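Listed here are the chains, written in short residue letters.
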Amino acid sequence: MQGFRLPVGRLPDEALLSGLATGDPELAVAFVRRFQHAVFGVAIAVIGDPQLAEDIAQQTFERAWRHAQIYDSRRGSVMTWLTTIAHNLAIDAVRSRRPEPLAPEELDALLGVVTETPEKLALADEASSRLRAAVARLPREQGRALVMAGIYGMTAQQIADWEKIPLGTAKTRIRTAMGKLRTTLTSPKRGDHV
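Quick caveat: nothing in here was measured; it's all calculated off a predicted structure.

Draft legend 1. Fine view of the overall build of the protein chain. In terms of regular secondary structure, the protein chain is built from 10 helices and 0 strands. Along its sequence from the N terminus, the protein chain presents helices and strands in the succession α-α-α-α-α-α-α-α-α-α. Per-residue burial over the protein chain gives 36% buried out of 194 residues. Put simply, 64% of the contacts in the protein chain that link residues at least 6 apart link residues at least 24 apart. For the protein chain, the exposed area adds up to about 11900 Å²; of that, 56% sits on carbon and sulfur atoms.

Draft legend 2. The arrangement of helix α10 (residues 167-186) in detail. Along its 20 residues, α10 runs 28 Å from first to last C-alpha, staying within 8% of the 28 Å computed at 1.5 Å per residue. Within α10, burial applies to Ala170, Ile174, Ala177 and Leu181. For α10, the arc enclosing every buried residue in end-on projection is 65 degrees, short of the 170-degree limit, so these residues lie on one face. Exposed side chains of α10 directed beyond 90 degrees from the buried face belong to Arg175, Arg182, Thr183 and Thr186.

Draft legend 3. Spatial organisation of the packing of aromatic side chains. Counted according to the given criterion, the structure contains 2 aromatic pairs. The interplanar angle of 55 degrees and the centroid separation of 4.9 Å between the aromatic rings of Phe31 and Phe35 together place this pair among those described as tilted. Of this pair, Phe31 and Phe35 both sit in helix α2 (residues 25-47), 4 residues apart, which is roughly one turn of that helix. Phe35 matches Phe31 in its accessibility class, with the two residues each being buried. Measuring from ring centre to ring centre gives 6.0 Å for Phe31 and Phe61, while their planes differ by 85 degrees; the resulting arrangement is edge-to-face. Taken as a pair, Phe31 in helix α2 and Phe61 in helix α3 (residues 50-67) lie far apart in primary sequence, 30 residues in all.

Draft legend 4. Quick look at the packing of helix α8 (residues 140-150) against α10. One can describe the packing of α8 onto α10 by two numbers: an axis separation of 8 Å at closest approach and a directional angle of 95 degrees. When the interaxial angle is binned, α8 and α10 end up roughly perpendicular. In this structure, α8 uses Glu141, Gln142, Ala145, Leu146 and Ala149 to contact α10, whose residues at the interface are Arg173, Ile174, Thr176, Ala177, Met178, Lys180 and Leu181. Each residue belonging to the contact of α8 with α10 can be placed in one class, and the counts come to 7 nonpolar, 2 polar and 3 charged.

Draft legend 5. Looking closely at the environment of Thr176. Residue position: Thr176 is located in helix α10. Thr176 sits 38 residues away from Leu138 along the chain, and the two C-alpha atoms are 9.6 Å apart.

Draft legend 6. Just α2, in detail. Largest kink in α2: about 50 degrees, centred on Phe35. With a side-chain oxygen lying 2.9 Å from the backbone nitrogen of Glu26, the N-terminal cap of α2 falls on Asp24.

Draft legend 7. How the structure looks around the side chain of Thr60. As for its position among the elements, Thr60 is in helix α3. For Thr60, a relative accessible area of 0% gives the class buried. When sequence neighbours within four positions are dropped, the list of residues in contact with Thr60 reads Val39, Leu82, Ile85, Ala86 and Leu89.

Parameters at a glance
- Throughout this document, residue positions are counted from 1 along each chain, in the order its sequence is written.
- Restriction of local features to residues with pLDDT of at least 70 applies here, the model being predicted, together with a cutoff of 80 or more for giving and counting side-chain atom pairs; totals for whole chains, interfaces and linings are based on all residues.
- Think of the side-chain values as coming from all heavy atoms in the structure, minus any hydrogens and water.
- Counting from the N terminus, the helices are the DSSP runs of H or I reaching at least four residues and the strands are the DSSP runs of E reaching at least two.
- The rule is simple: take the accessible area with a 1.4 Å probe, protein chains only, and divide by the maximum for that residue type; under 20% is buried, over 50% is exposed, in between is partly exposed.
- Pairs of residues are marked as contacts when any of their non-hydrogen atoms sit within 4.5 Å.
- In this description, accessible areas are obtained by the Shrake-Rupley approach with a 1.4 Å probe, and a residue is regarded as covered only by the protein chains that are shown.
- A helix is expected to span 1.5 Å multiplied by its residue count minus one.
- This arc corresponds to the set of directions leading from the helix axis out to the C-beta atoms.
- Two aromatic rings, drawn from Phe, Tyr or Trp (for Trp, its six-membered ring), form a pair once their centres lie within 6.5 Å of each other, and the interplanar angle then sorts them: stacked below 30 degrees, edge-to-face above 60, tilted otherwise.
- Inter-axis angles, ranging from 0 to 180 degrees, are taken between N-to-C directions of lines fitted to C-alpha atoms, where helices are fitted over the stretch in contact.
- Orientation categories follow fixed angle ranges, with anything under 35 degrees roughly parallel, anything over 145 roughly antiparallel, 65 to 115 roughly perpendicular, and all other angles oblique.
- Only Asp, Glu, Lys and Arg are considered charged in this grouping, and only Ala, Val, Leu, Ile, Met, Phe, Trp, Tyr, Cys and Pro are considered nonpolar; every other residue, Gly among them, is considered polar.
- Two axes define the bend at a residue: one fitted to the seven residues ending there, one fitted to the seven starting there, and the bend is the angle between them.
- In protein, a polar contact requires one atom able to donate a hydrogen and another able to accept it; more generally it is a pair of N or O atoms within 3.5 Å, and residues adjacent in sequence count only if both atoms are side-chain atoms.

Take a look at the structure:
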């Protein structure tokens, strides 16, 4: 029975993840090769800096190695789990860096990137697709305020100062956008009739 073994490249994602957890070097290399483009794509889409995106990708694989035993296939695929780790690490890196605020014109481009990047392919699970679509349907001012608060961690006062609007208007835009997202994301999808 020793002679019968699937080629490493054809093993299921879960088997490669298990091999990563056991420290098998051949399976670890196969795991990284299988997912490196998707992980790097998520990091570069969020960060925009190739060198920092490489660091985020490295951290993602290290975290996957340390936490492989807690992966639960009922909560999503290995790809979804891994790209979520990359996305969260990239967001943390953006929040911790904040070297300079983005110009409003750049923020408009960033809102478009959320639906047109490798991140779309990497985070293709239904929940993230619905969230991206819901954010894209928001009025531009509300979408900008939501992204500034949610992704960049800006306070309502910082958003008001940046957008040159009253504080109450900034708060209203964030609150209204959140309410619309909540309504959109909690309403039943088409075809979910019981």
